[in-house]
Amino acid sequence: MKVNEDNDEGDGVMIEGKDTADEQGGLDGKSLDYSLRDFVAWLKMMVKRPSFWAHFIPLIYTGFIWAFFYRIFPTAIPSISDQRKLIPLTTIIMGGTYLVGTFTSNILSRLITPTACVVLSALMIVAAMTISVLIFPKEAASKILAVGTAETHVKGGAVHLIAITSLIGLGDGVFSPIHFTAIGRLYGKDTSLGYSVNIFVYYLVYGLCMFTPTIFDVHSYCYVTAVTVIASCLALTVGLKEYMK
């Protein structure tokens, strides 16, 4: 088995197995053994790169923000409004604004810079978390509260909910394509190996975040999410800077 760390097509690690007929015959025990060896060899070299560890930070942010929208946000809405139609409405708005964000991400990257786009998207997410802290009661993540039964900093309504949804959709829509492009350049030819690791990390964080309402209140969760997006901004603009050009 040949391992080539510096290849011409991307900065990833290229793994070449033995080109024999028995390995090409199917997923028998021997071919699976070589695949596992390739993965272990690739992983051993990637963990030596600081950029490999830096690219996991945005995955942590992604797990936090989507757990917020799918787990905390629908539970918290009844605490400030009894209009149940707002839950499906905000989901539709999220989808629409996310599509707008992904569509304009490439255009914005050319008009300004990818770094400026990442900073802009981080500001939008932080703004969404700030509004959430202002309008939602602390206990709204763990139980459904009746309208007006808990204290809030600002009296929230449909406008605030739409603003939160739109900011998250646009912010993450702009952020994700830039992040995934940088990951693709980092992995190079070994994108399939890299994304298998990414998917595992993302769903691990996402699954853990689904249980956070039993540990953190809404405000604490929003603060942590804001910290993760700021850290992600630094990870991309500093740790993965060479892959964003």
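So, how was this worked out
- Residues numbered from 1 in each chain as written.
- Predicted model: local features only at pLDDT ≥ 70, side-chain atom pairs only at ≥ 80, totals over all residues.
- Heavy atoms only, no water.
- Helix = DSSP H or I, 4+ residues; strand = E, 2+ residues; numbered from the N terminus.
- Buried < 20%, exposed > 50% of the residue type's maximum accessible area, 1.4 Å probe, protein only.
- Polar contact = N/O pair within 3.5 Å; in protein donor to acceptor, adjacent residues only side chain to side chain.
- Contact = heavy atoms within 4.5 Å.
- Axes fitted to C-alpha atoms, helices over the stretch in contact; angles between N-to-C directions.
- Parallel < 35°, antiparallel > 145°, perpendicular 65-115°, else oblique.
- Left-handed = near helix turned anticlockwise from the far one by under 90°.
- Nonpolar A, V, L, I, M, F, W, Y, C, P; charged D, E, K, R; others polar.
- Core = buried A, V, L, I, M, F, W, Y, C linked by side-chain atoms within 4.5 Å.
- Patch = residues over 30% accessible without salt bridge, like charges linked within 9 Å, V, L, I, M, F, W, Y side chains within 5 Å.
- Areas by Shrake-Rupley, 256 points an atom, 1.4 Å probe, with all protein chains shown as cover.
- Salt bridge = Lys/Arg side-chain N within 4 Å of Asp/Glu carboxyl O.
- Phe/Tyr/Trp six-rings, centres within 6.5 Å; stacked < 30°, edge-to-face > 60°.

Along the chain, His 55 falls in the loop between helix H2 (50-54) and helix H3 (56-76). On the basis of relative accessible area, His 55 is assigned to the buried category, the value being 0%. For His 55, the side chain forms a polar contact with the side chain of Asn 198, separated by 2.8 Å. When neighbours within four sequence positions are excluded, His 55 is seen to be in contact with His 179, Ile 183, Leu 186, Tyr 187, Asn 198 and Leu 240.

Moving on, we get to the packing of helix H6 (residues 158-187) against helix H7 (residues 191-209). With their axes 8 Å apart at the nearest point, H6 and H7 run at an angle of 130 degrees to one another. If you check the angle between H6 and H7, you find them oblique. Crossing of H6 against H7: the hand is right-handed. Of the residues in H7, those in contact with Phe 180, Ile 183, Gly 184 and Tyr 187 of H6 are Thr 191, Gly 194, Tyr 195 and Asn 198. The residue makeup of the contact of H6 with H7, split by class, is 4 nonpolar, 4 polar and no charged.

With that settled, the discussion passes to the packing of helix H5 (residues 114-135) against helix H8 (residues 218-239). Where H5 contacts H8, the two axes come as close as 9 Å, and the packing angle between them is 175 degrees. For the element pair H5 / H8, the angle class is roughly antiparallel. Note on element contacts: H8 touches H5 through His 219, Cys 222, Tyr 223, Thr 225, Ala 226, Val 229, Ile 230, Cys 233, Leu 236 and Thr 237, opposite Thr 115, Val 118, Val 119, Ala 122, Ile 125, Val 126, Met 129, Ser 132 and Val 133. Taken together, the residues of the contact of H5 with H8 break down into 14 nonpolar, 5 polar and no charged.

Let us look at the nonpolar core. With 56 residues, the main nonpolar core has Phe 68, Phe 73, Phe 136, Leu 161, Ile 164 and Ile 168 as its most contacted residues. Those elements that provide at least two residues to this core are helix H1 (29-46), H3, helix H4 (86-111), H5, H6, H7 and H8. Examining the composition of this core, we find that 12 residues originate from one element, H3, more than from any other. Setting aside chain neighbours within four positions, we find Leu 161 in contact with Phe 73, Ile 77, Ile 80, Leu 86, Thr 90, Ile 135 and Phe 136.

Together, Phe 103, Ile 107, Leu 111 and Ile 112 line one region of the surface with nonpolar side chains, adding up to about 440 Å² of accessible area. Within the secondary structure, Leu 111 is located in helix H4. Taking the relative accessible area as the measure of exposure, Leu 111 reaches 65% and is therefore exposed.

Moving on, we come to the packing of aromatic side chains. Under the definition given, this model contains 13 aromatic pairs. Taking 4.9 Å as the distance between ring centres and 70 degrees as the angle between the ring planes, the aromatic pair formed by Tyr 202 and Tyr 203 counts as edge-to-face. Note on Tyr 202: relative accessible area 18%, which makes it buried. Ring centres of Tyr 202 and Tyr 206 lie 5.9 Å apart, and the angle between their planes is 25 degrees; on these two criteria the pair is classed as stacked. Pair noted here: Tyr 202 and Tyr 206 are both in helix H7, with a separation of 4 residues, about one helical turn. With respect to burial, Tyr 202 and Tyr 206 carry one shared label: buried. Ring-pair connections join several aromatic residues into one group, and the members of that group are Phe 64, Trp 66, Phe 68, Phe 69, Tyr 70, Phe 73, Tyr 98, Phe 136 and Tyr 221.

The residue Thr 214 is located in the loop between H7 and H8 in this model. On the basis of relative accessibility, which here comes to 68%, the residue Thr 214 falls in the exposed class. For Thr 214 and Glu 139, which are 75 residues apart along the polypeptide, the C-alpha to C-alpha distance reads 9.9 Å.

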